[in-house]
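# Remarks on the overall topology
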Amino acid sequence: MSVSHPGFRVAIATCAQFPSVYADDAYFVSVLERLGVKPVVCIWNNPSVDWTAFDAVLVRTVWDYFQHYTAFLAWLDTLDRLDVPAINDTRLIRWNINKRYLLDIEQAGVPIIPTRIVPAGRLPEALSPAAKGELVIKPSVSGGAWHTVRGTPGDAAFDHAVAQLPKDLEFLVQPFVPEIASHGEWSLLYFAGAYSHAVIKHPASGDYRVQEQHGGVAKQAIPDAAIVHAADKALAAVATLGHHEQAYARVDGVMVGGQFRIMELELVEPLLHLAIKPEAAERFAAHVVERLRELGSRHSAATSGSTS
């Protein structure tokens, strides 16, 4: 891969818990440097960061945003006000950080895990003992299984756990999908709208959470054509909703009754599993450089137009 010397500076947005380049992104960042980009890791809510010093912000490991939701939205507003573009763009990020987007893509014809949105105050009536089967409840703005509970309405332990949930949040109520434990959850990675590679994630024995911090394990795997087609369709639906810029995306889903159902679309800060696919890191870096050039051209054109 040749050095292109574009001279761009890009902020790699992270959180205080991960103040340096995350291991999975390390090769990708090194490729950016090889292409002449200066990547600087910046904690998103550090007030000392001058965001105008960068040509763009690449949102990566901001893995505490849901715990500081109002502040995170204000940070996105700040980037907009300062005319500092984000990759992916701030409009897409705002849409994707609230899992209400699942209802949007369902309306566009994408199969999802059946989902209800319920304010915390209405959970008791929504989870009456008459409800059938095991449920999973999680905040509509969340990550890493934060404030997530699983159980059957009417079970004392489950009802107690639900009663302890924060009262100022709204929640997704979904049926528990046993196929996650028995067959695994797929994650398909996309760069510049093109499918790249995939992993399949399995929870620890006796658990249902596939995240690494809960004992989950992800392994590289090759999905069949039907799964890739379903993931393609989900991202196409995002585009029809007006979100065409998808520099990176992760489509999470599970096979249920022979149909691939979307669990989540990760377009804000997903783990991209780049360490297992160096060529994907190279493609992503090349696309980021291309995107930076496009943004630079637009800015130059706008500046020229305003001074003519």
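In this text, all values refer to a predicted model and were calculated from it rather than measured experimentally.

## Observations concerning the overall build of the protein
For the protein, the helix and strand inventory stands at nine helices and 13 strands. Relative to a compact globule of 308 residues, whose C-alpha radius of gyration would be 19 Å, the protein shows 20 Å and is just as compact. Based on the C-alpha atoms only, the size of the protein along its principal axes is roughly 65 × 40 × 35 Å. Going through the 308 residues of the protein one by one, you find that 49% of them count as buried. Nonlocal contacts in the protein, meaning residues at least 24 apart in sequence, comprise 69% of its contacts between residues at least 6 apart. Counting only carbon and sulfur atoms, one obtains 54% of the accessible surface of the protein, whose full area is about 13900 Å².

## Remarks on the nonpolar core
Phe28 and Trp75 are the most contacted members of the largest nonpolar core, which has 49 residues in total. The set of elements that each furnish at least two residues to this core consists of strand E1 (9–14), helix H1 (26–34), strand E3 (56–59), helix H2 (69–81), strand E4 (86–87), helix H3 (90–97), strand E9 (185–191) and helix H9 (278–307). In contact with Phe28, other than residues within four places in its own chain, are Leu58, Leu274, Ala281, Phe284, Ala285 and Val288. Core analysis: the next-biggest nonpolar cluster, separate from the first, contains 29 residues, Val110, Ala221, Ala231 and Val238 among them.

## So, the packing of H2 against H3
Following both chains from N to C, one finds H2 and H3 inclined at 165°, their axes separated by 10 Å at the closest point. On the basis of the axis angle, H2 is roughly antiparallel to H3. Classified by chirality, the crossing of H3 by H2 is left-handed. Listed contacts from H3 to Tyr69, Phe72, Leu73, Leu76, Asp77 and Asp80 of H2 are Thr90, Ile93, Arg94 and Ile97.

Parameters at a glance
Residues numbered from 1 in each chain as written. Predicted model: local features only at pLDDT ≥ 70, side-chain atom pairs only at ≥ 80, totals over all residues. Heavy atoms only, no water. Helix = DSSP H or I, 4+ residues; strand = E, 2+ residues; numbered from the N terminus. Rg over C-alpha atoms; globule rule 2.2 N^0.38 Å. Buried < 20%, exposed > 50% of the residue type's maximum accessible area, 1.4 Å probe, protein only. Contact = heavy atoms within 4.5 Å. Areas by Shrake-Rupley, 256 points an atom, 1.4 Å probe, with all protein chains shown as cover. Core = buried A, V, L, I, M, F, W, Y, C linked by side-chain atoms within 4.5 Å. Axes fitted to C-alpha atoms, helices over the stretch in contact; angles between N-to-C directions. Parallel < 35°, antiparallel > 145°, perpendicular 65-115°, else oblique. Left-handed = near helix turned anticlockwise from the far one by under 90°.

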